[in-house]
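Examination of the molecular architecture
Now for the letters of each chain:
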Amino acid sequence: MSNTSKEVLLNELTRKRGELAGELERLEIKRGSLIADIGAIDATIAIYDPAAVRGKITPKKLPPVHPAGRGNVSHFLLAVLREAKEPISTYDL
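Definitions and cut-offs
Residues numbered from 1 in each chain as written. Predicted model: local features only at pLDDT ≥ 70, side-chain atom pairs only at ≥ 80, totals over all residues. Heavy atoms only, no water. Helix = DSSP H or I, 4+ residues; strand = E, 2+ residues; numbered from the N terminus. Buried < 20%, exposed > 50% of the residue type's maximum accessible area, 1.4 Å probe, protein only. Lys, Arg positive; Asp, Glu negative; His and termini not counted. Charge placed at Lys NZ, Arg CZ, Asp CG, Glu CD. Salt bridge = Lys/Arg side-chain N within 4 Å of Asp/Glu carboxyl O. Contact = heavy atoms within 4.5 Å. Patch = residues over 30% accessible without salt bridge, like charges linked within 9 Å, V, L, I, M, F, W, Y side chains within 5 Å. Areas by Shrake-Rupley, 256 points an atom, 1.4 Å probe, with all protein chains shown as cover.

1. Describing the overall build of the protein
- Looking only at helices and strands, one finds 2 helices and 0 strands in the protein.
- When its C-alpha atoms are laid out on the principal axes, the protein stretches across 65 × 55 × 15 Å.
- Expressed as a percentage of its 93 residues, the buried residues of the protein come to 2%.
- Across the protein, 14 positive and 12 negative side-chain charges occur, with their mean positions spaced 5 Å apart.

2. A look at the environment of Ala46
- The topology assignment puts Ala46 in helix α1 (residues 3–48).
- Measuring from C-alpha to C-alpha, the distance between Ala46 and Glu28 comes to 27 Å, with 18 residues separating the pair along the chain.

3. Observations regarding the pattern of salt bridges
- All chains considered together, the criterion is met by 3 salt bridges.
- Between Glu12 and Arg15 there is a salt bridge; the shortest N-O distance is 3.1 Å. A residue pair is termed a helical-turn pair when its members lie 3 or 4 positions apart in one helix, as Glu12 and Arg15 do in helix α1 at 3 residues.
- Judged by relative accessible area, Glu12 falls into the partly exposed class, the value being 42%.

4. Brief notes about the environment of Leu93
- If you trace the backbone, Leu93 turns up in the segment after α2 (72–83).
- Spatially, the C-alpha atoms of Leu93 and Lys56 are 49 Å apart, while their sequence positions differ by 37 residues.
- Once residues lying within four places of it in the same chain are set aside, the contact partners of Leu93 are Leu77, Val80, Leu81 and Ile88.

5. Some points on a nonpolar patch on the surface
- A cluster of nonpolar side chains, contributed by Leu78, Leu81, Ile88 and Leu93, occupies part of the molecular surface with about 300 Å² of accessible area.
- Among the secondary structure elements, Leu78 is positioned in helix α2.

Listed below in structure tokens is the structure:
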């Protein structure tokens, strides 16, 4: 591996590590916020029903994340419209 290839590889790995570390930090902040929110809701439930058992409340499963991602379909459709030489019907699009 040439010296330049090593530098490029190390730069990309360093960049990716920083990106993942930043994402982890954001998720840890979000986790702390969610724990605080759950605690506040539990406290409110306890006000109305001190005998309520928190363990009986099971976590709700979230719907799976769509693989297209947010806005990807719009970007694709707009790109097709930009490249079109003539008007395109909704059906053809």
